[in-house]
Amino acid sequence: MAKKVLKFGGTSLGSIDRIIHAANIVKNEYSKGNQIIVVVSAMSGKTNELISQSISISKKFNKRELDVLLSSGEQVTSALMSGALIELGIKSKSWMSWQIPILTTGEYTNSRIENLNVEKINTYLSEGGVAVVPGFQGISKNGDTTTIGRGGSDASAVALAKLFGTDSCEIYTDVDGVHSTDPNKIPLAKKIEKISYEEMLELSSLGAKVMQPSAVQTAMMYDIPLQVRSTFTDRKGTEIFTQESIDYTKIVTGVAYSKDDAKITLIAVEDKPGVAADIFEPLGLNQINVDMVIQNISSDGKTTDLTFTIKRDDLEKTLITLKSNKKIKFKNLSHNDKVSKISVVGAGMVSTPGVTFKMFRALADENINILAISTSEIKISAIIEEKNTLKAVKKLHTIFDLD
Ligand code: ADP
Ligand code: ASP
Ligand code: MG
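All values derive from a computational prediction rather than experimental measurement.

1. Some details on the overall build of the protein
Phase 1 of the analysis: Of the regular secondary structure elements, the protein holds 11 helices and 20 strands.
Phase 2 of the analysis: Here the C-alpha atoms of the protein give a radius of gyration of 23 Å, agreeing with the 22 Å that 2.2 N^0.38 yields for 403 residues.
Phase 3 of the analysis: The principal-axis extents of the C-alpha atoms in the protein amount to approximately 80 × 50 × 35 Å.
Phase 4 of the analysis: Restricting to contacts in the protein with at least 6 residues of sequence separation, those with at least 24 account for 74%.
Phase 5 of the analysis: Accessible surface, the protein: about 19200 Å² in total, of which carbon and sulfur atoms supply 50%.

Right, dumping it as structure tokens:
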């Protein structure tokens, strides 16, 4: 007998038929004698729809009420899943966050699961029940409903696997597993059988939405192996686990991209010590995350151009902050939000020289201009014009032997 968390994503629960199908997967696992905690997302599209509704009342919709609203999508699927299991002859019950309780810290819409009471659910599991828990939410110290960030049901599943000490955490989704790039955009993408936490964390942080980055981070911190697999096929999925157990034959494991960045250039900034600090300090104070930074060599010894990238959502706030910063002087400011970030990720890069060159040459061959670059031990990212995204991803996928 094993204790398992089974998490179902939005597409897997996108209709009543699909919920019944997912309930049958749960039944199958339960019938093998396993204890099961099911974590559910909202039906696909639901959370976006709720956000739109809040925006149609106000762009600054009250954050507390937004969390009450957004959490409702998962409440619906919890009850439908539990009801479907009961219909299949299985003892089951949905548990809202406040009934468990699942405790969170942090601000509304961006909280983090800190702890939960395992007692009631453990008793229920040992009495042969299947517990169904809504993902993406919890309650704060003062009893308010809080959500934990988009895609957060993955993080709920990993937190429950950790706190209940389950034997496995299975993420059921609409693709066969983690692929070398998004299989819905590049059909040549290949399924990855095994991937390290580190690579998965890079891929998901750089845009591969198949797993939420903070879920991968928690799994990595507590060494919780994850399986990503399809709700709709029986094929073996992807195992995400520690690096030591993986044999790297490929230099690059995957290619990811995101379209949520923006690029800013300050032209003719004074070139003297302390200027960069003066530019970036107020951005940090305003919770604006700076990603890549490029500073040109000064040609006249007095001024230089400084380019950096931020999240596109922060563009307006960044422009206001820069323009109102009395400590800095610059001739001009330009910005571009029609950019995307493409990245190649692979633990095999650590020991292979020339990967950077190969990537840049490939982009040049496609006539794609690189606007900014950043690297780490296991990834190389480049900012390019948004219109070139898929062309670049395809090319990199091919030249790194991933097709
Ligand atoms: P769920 O609703 O199950 O949480 P998501 O939509 O959040 O599912 O994530 C699954 C989607 O992630 C896939 O449909 C696919 O389009 C996308 N995706 C992006 N990059 C990858 C990748 N490298 N491997 C697999 N899927 C990816
Ligand atoms: N329903 C939430 C979202 O769409 C959480 C999730 O699906 O993981 O972001
Ligand atoms: Mg998801």
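Structure's up, so let's keep going.
2. Side note on the pairing of strand β18 (residues 339-345)
In regular strands, side chains alternate between the two faces of the sheet.
Phase 1 of the analysis: Of all 7 residues in β18, 7 are buried; the element is thus mostly enclosed.
Phase 2 of the analysis: The alternating pattern of β18 places Val339, Lys341, Ser343 and Val345 on one face and Ser340, Ile342 and Val344 on the opposite face, and all of these are buried.
Phase 3 of the analysis: Two strands pair when backbone bridges link them, and strand β13 (residues 254-258) and β18 are joined in this way by 5 bridges, in the antiparallel orientation. Residue pairing in the sheet places Gly254 in a bridge with Val345 of β18.
Phase 4 of the analysis: Here 7 bridges tie β18 to strand β20 (residues 379-385), and the two strands are oriented antiparallel to one another. Across the sheet, Val339 pairs through a bridge with Glu385, a residue of β20.

3. What about the sheet that holds strand β2 (residues 35-40)?
Phase 1 of the analysis: Spatial strand order, β3-β6-β2-β1-β9-β11-β12-β10: 8 strands in an open sheet with mixed pairing. Looking at the sheet topology across the chains shown, the edges are occupied by β3 (92-94) and β10 (194-196). Ignoring which end each strand starts from, the neighbouring axes of this sheet average 20 degrees apart.
Phase 2 of the analysis: Pairing geometry for strand β11 (residues 226-230) and strand β12 (residues 238-241), over 3 bridges, is antiparallel. Paired with Gln227 across the bridge in β12 is Glu239.

4. Details of a positive patch on the surface
Phase 1 of the analysis: On the surface, Arg150, Lys185, Lys209 and Lys259 cluster together into a patch of positive charge.
Phase 2 of the analysis: With respect to the element layout, Lys209 can be found in the loop between α6 (197-205) and α7 (213-221).

5. Digging into the site of ligand 2
Phase 1 of the analysis: Close to ligand 2 lie Ser41, Ala42, Thr47, Glu74, Phe136, Arg150, Gly151, Gly152 and Ser153, which account for all nearby residues.
Phase 2 of the analysis: In the model, an oxygen atom of ligand 2 is placed 3.2 Å from a nitrogen or oxygen of the Ser41 side chain.
Phase 3 of the analysis: One of the side-chain nitrogen or oxygen atoms of Arg150 is found 2.7 Å away from an oxygen atom of ligand 2.
Phase 4 of the analysis: Burial of ligand 2 by the protein chains amounts to 86% of its free accessible area of 260 Å².
Phase 5 of the analysis: Tallied by class, the residues present in the shell around ligand 2 amount to 2 nonpolar, 5 polar and 2 charged.

6. Thoughts on the site of ligand 1
Phase 1 of the analysis: Surrounding ligand 1, one finds 17 residues, the nearest of these being Thr173, His179, Asp182, Asn184 and Lys209.
Phase 2 of the analysis: A distance of 2.9 Å is found between an oxygen atom of ligand 1 and a side-chain nitrogen or oxygen belonging to Asp174.

Conventions used here
Along every chain, residues carry numbers that run from 1 in the direction the sequence is written. Naming scheme: in the order in which they are written, chains are lettered from A and ligands are numbered from 1. Local features in a predicted model are, by the rule used here, given only for residues with pLDDT of at least 70; side-chain atom pairs are given and counted only at 80 or more, and totals for whole chains, interfaces and linings are based on all residues. Only hydrogens and water are set aside when side-chain values are computed; all heavy atoms of the structure are taken into account. Helix numbering and strand numbering both begin at the N terminus, where a helix is a DSSP run of H or I of at least 4 residues and a strand a DSSP run of E of at least 2. For this measure, only C-alpha atoms enter the radius of gyration; the expected value for a globule follows 2.2 Å times N^0.38, where N is the number of residues. Only heavy atoms enter the contact rule, under which two residues are in contact if any of them lie within 4.5 Å. The Shrake-Rupley method, run with a 1.4 Å probe, gives the accessible areas here. Residue values count only the displayed protein chains as cover. Note on exposure labels: buried denotes an accessible area under 20% of the residue type's maximum, exposed denotes more than 50%, and partly exposed covers the range between, all computed with a 1.4 Å probe on protein chains only. Strands are labelled as partners when DSSP assigns at least two bridges between them. In this description, a line fitted to the C-alpha atoms serves as the axis of each element, helices being fitted only across the stretch in contact, and the angle between N-to-C directions of two axes falls anywhere from 0 to 180 degrees. Patch construction takes residues with relative accessible area above 30% that form no salt bridge. Like charges are linked within 9 Å, and nonpolar side chains (Val, Leu, Ile, Met, Phe, Trp, Tyr) are linked within 5 Å. Each reported salt bridge corresponds to a side-chain nitrogen of Lys or Arg within 4 Å of a carboxyl oxygen of Asp or Glu. Residues scored as charged are limited to Lys and Arg (positive) and Asp and Glu (negative), so that His and the chain ends carry no count. Charge placement uses NZ in Lys and CZ in Arg. For Asp and Glu, CG and CD serve respectively. Only a single heavy atom is needed: when it lies within 4 Å of a molecule or strand, its residue is near that molecule or strand. Polar contact is the term for a pair of N or O atoms within 3.5 Å; when the atoms are in protein, one must be able to donate a hydrogen and the other to accept it, and sequence-neighboring residues count only if both atoms are side-chain atoms. Residue polarity is assigned by list, with Asp, Glu, Lys and Arg as charged and Ala, Val, Leu, Ile, Met, Phe, Trp, Tyr, Cys and Pro as nonpolar; anything else, Gly included, falls into the polar class.

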